[in-house]
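# Residue-level structural notes
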Amino acid sequence: MAEKVVVITGASEGIGAALAKTLAAEGHRLVLAARRKEKLEAVAATCGQKAIAVVADVTRRADVEAIRDEALRRFGRIDVWVNNAGRGISRKVLELSDAEVDEMMAVNLKSALYGMQVAVPYFQQRGEGQLINVSSFLGRIPMATIRSAYSAAKAALNSITTTLRLELMATHPNIHVTLVMPGMVRTAFAQNALGGTPELAPGRSPPPGVPAAQSAEEVAAAIAAAIANPVPEVYTNPQQARLVADYFQDVAGFERRMASR
Ligand SMILES: NC(=O)c1ccc[n+]([C@@H]2O[C@H](COP(=O)([O-])OP(=O)(O)OC[C@H]3O[C@@H](n4cnc5c(N)ncnc54)[C@H](OP(=O)(O)O)[C@@H]3O)[C@@H](O)[C@H]2O)c1
C-alpha cells in the first residue's frame, strides 16, 4: 500500500498504540496524540523515524486543531484521521451525575466531533481522505448496564458518523468515513474507566453469545484493513455482526436473555 500520513488520537496505550505499531510496520507516517507525554513518546519511539508525538487533550478544540497544524507542518499532508481516544464509565443510569454525563460526552463524542470538524474541511479541499471513528459495539447494542452514559455517547458517535458519511457521499465520493465498533478488548480501558470496573460477580458469566475479548493487535489489524480498503462500518470481530442480527430480530427476547444470566 502507498505510504499514508495517519493521525491517531489516544495513541499512548491500548488500541491506539497497537494501531501505531501496526501502521508503522506497514511503512506509514504517523502523528500520535494523547495527554501523557512520556507514554506517547515511548510509543512513537517504537514506531521509528516516521512517527511524531503531539501532546493534546482532545476534549479541547484548540488542541485538536494543533494536532492538524503540527501534522501538516511536519509531513505536508494528512491522508487518514483516526478518532480513537475514549473513556468508559462504571455507573448505572440512576447513579449518573451531571458531571459524569458531561465527561462521557466530552471524551467520547465531542472529541471526535472536533476531529471531524478539523480533518474533513481539509479533506474537502484536497478532494480525498479517510476519517475513522473508533466507537464501540455498546454504541449499537447497549447491553452493559454499568457502561450507561458511555454507551449513550458511543451511540451518538455512531449516529453522527453515519450522518457525516451520508452528507459527504454525494459531493465528495473520495472522502471515506468509517465507523469501527470493537467488542471487549484486552487493554487498560476497564481500569481507566471513570469509577474503575468491578470484577465480574462470582457465578456471573459474560452474556451468552458475546464473543471473547480481542487483543489490541487484533483490533489494530481490523482498522489497518479498513485503511487499506475503506468500508463504512467494521465489527472488529465478525461474531458481533451475528449478535446484532439476533438483537434486531427480537429485541425483547435478547434483553430477557441478557437479564436472566
Ligand atoms: N478496550 C475495550 O474493551 C474497548 C471496546 C470498545 C471500544 N473501545 C474504544 O476504543 C478506544 C481506545 O480504547 P482502549 O481500549 O485503547 O482504551 P485505553 O487503553 O484506556 O486507552 C485510551 C487512550 O485514549 C487516550 N485518551 C483518553 N482521554 C483522552 C483525552 N482527553 N485526550 C487525549 N487522549 C485521551 C489515552 O491517553 P492519555 O491518557 O495519555 O491521554 C489512551 O491513549 C476508545 O474510544 C474506546 O472507547 C474500547
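Here's what I pulled together on the structure shown here. Everything quoted here is computed from the prediction, not taken from an experiment.

### Topic: the overall build of the chain
From N to C terminus, the chain includes 9 helices and 9 strands. Along the longest, intermediate and shortest principal axes, the C-alpha atoms of the chain span 55 × 40 × 35 Å. Relative to its full complement of 261 residues, the chain shows a buried share of 48%. Long-range contacts, defined here as pairs at least 24 residues apart, represent 70% of the contacts in the chain between residues at least 6 apart. About 12,300 Å² of surface is accessible on the chain, with carbon and sulfur atoms providing 53% of the total. Side-chain charges of the chain comprise 29 positive and 25 negative groups, with the mean position of each set lying 2 Å from the other.

### Some thoughts on the site of the ligand
Every one of the 30 residues lining the ligand counts as a neighbour, but Arg35, Asn84, Tyr150, Gly183 and Thr187 are closest to it. Measuring from an oxygen atom of the ligand, one finds a backbone N or O atom of Val185 at 2.9 Å. Protein burial of the ligand: of its 880 Å² of free accessible surface, 95% is covered by the chains. Contributions of two or more residues to the shell around the ligand are made by α1 (14-25), α5 (148-171) and α6 (189-192). Residue composition of the shell around the ligand, grouped by class: 14 nonpolar, 11 polar and 5 charged.

### Side note on the pairing of strand β3 (residues 51-55)
Here strand β2 (residues 29-34) runs beside β3; their pairing, made up of 5 bridges, is parallel. Across the sheet, the residue bridging to Leu32 is Ala53, located in β3. At this point the chain moves from β2, through helix α2 (residues 37-46), to the parallel β3, and the crossover so formed is right-handed.

### Digging into the packing of helix α4 (residues 98-126) against α5
Where α4 meets α5, the closest approach of the two axes is 8 Å, and the angle between their N-to-C directions is 15°. One way to sum up the angle between α4 and α5 is to call them roughly parallel. The way α4 lies across α5 gives a crossing that is right-handed. Within the contact between the two elements, α4 uses Val101, Met104, Met105, Asn108, Leu109, Ala112, Leu113, Met116, Val120 and Gln124 and α5 uses Ala149, Tyr150, Ala152, Ala153, Lys154, Ala156, Leu157, Ile160, Leu164 and Leu168. Its residues placed into classes, the contact of α4 with α5 shows 17 nonpolar, 2 polar and 1 charged.

### Thoughts on the side chain of Asn237
Note that Asn237 resides in the loop between β9 (233-235) and α8 (239-249). A relative accessible area of 11% places Asn237 in the buried class. Excluding residues within four positions of it along the chain, Asn237 makes contact with Pro211, Ala212 and Gln214.

### Regarding the sheet that holds β3
Strand pairing in a sheet relies on backbone hydrogen bonds. The paired strands run either parallel or antiparallel. Spatially, 7 strands are ordered β3-β2-β1-β4-β5-β6-β9 in an open sheet, and the strand pairing comes out parallel. The open sheet has two free edges, formed respectively by β3 and β9, since each of these has just one partner strand. Averaged over all pairs of adjacent strands, the angle between their axes in this sheet comes to 15°, without regard to strand direction. By the bridge criterion, 5 bridges tie strand β1 (residues 5-9) to β2 in an arrangement that is parallel. By the bridge assignment, Thr9 is partnered in β2 with Ala33. Lying over the sheet, helix α3 (residues 61-75) contacts β1, β2, β3 and β4 (80-83), oriented at roughly 155° with respect to β2. Each of β4, β5 (129-134), β6 (175-181) and β9 is contacted by helix α7 (residues 216-228), which is oriented at about 155° to β5, the strand it contacts most.

### Quick look at the packing of aromatic side chains
Under the definition given, this model contains 5 aromatic pairs. Summarising the aromatic geometry, the rings of Tyr122 and Phe123 are spaced 5.9 Å apart at their centres and angled 50° between planes, so their arrangement reads as tilted. Between the aromatic rings of Tyr247 and Phe254, the centroid separation amounts to 5.0 Å while the plane-to-plane angle is 85°, which identifies the pairing as edge-to-face. Each of the two residues, Tyr247 as well as Phe254, counts as buried. The rings of Tyr247, Phe248 and Phe254 are connected pair by pair, giving a single aromatic cluster.

### Some details on the side chain of Thr9
Among the secondary structure elements, Thr9 is positioned in strand β1. At 2.9 Å, the side chain of Thr9 forms a polar contact with the backbone nitrogen of Asn84. If we skip the residues at most four places from it in the chain, Thr9 touches Ala33, Val58, Ile67, Trp81, Val82, Asn83, Asn84 and Ala85.

The rules behind each value
- Residues numbered from 1 in each chain as written.
- Predicted model: local features only at pLDDT ≥ 70, side-chain atom pairs only at ≥ 80, totals over all residues.
- Heavy atoms only, no water.
- Helix = DSSP H or I, 4+ residues; strand = E, 2+ residues; numbered from the N terminus.
- Buried < 20%, exposed > 50% of the residue type's maximum accessible area, 1.4 Å probe, protein only.
- Contact = heavy atoms within 4.5 Å.
- Areas by Shrake-Rupley, 256 points an atom, 1.4 Å probe, with all protein chains shown as cover.
- Lys, Arg positive; Asp, Glu negative; His and termini not counted.
- Charge placed at Lys NZ, Arg CZ, Asp CG, Glu CD.
- Near = heavy atom within 4 Å.
- Polar contact = N/O pair within 3.5 Å; in protein donor to acceptor, adjacent residues only side chain to side chain.
- Nonpolar A, V, L, I, M, F, W, Y, C, P; charged D, E, K, R; others polar.
- Pairing = 2+ DSSP bridges.
- Right-handed = clockwise from strand over helix to strand, strands pointing away.
- Axes fitted to C-alpha atoms, helices over the stretch in contact; angles between N-to-C directions.
- Parallel < 35°, antiparallel > 145°, perpendicular 65-115°, else oblique.
- Left-handed = near helix turned anticlockwise from the far one by under 90°.
- Phe/Tyr/Trp six-rings, centres within 6.5 Å; stacked < 30°, edge-to-face > 60°.

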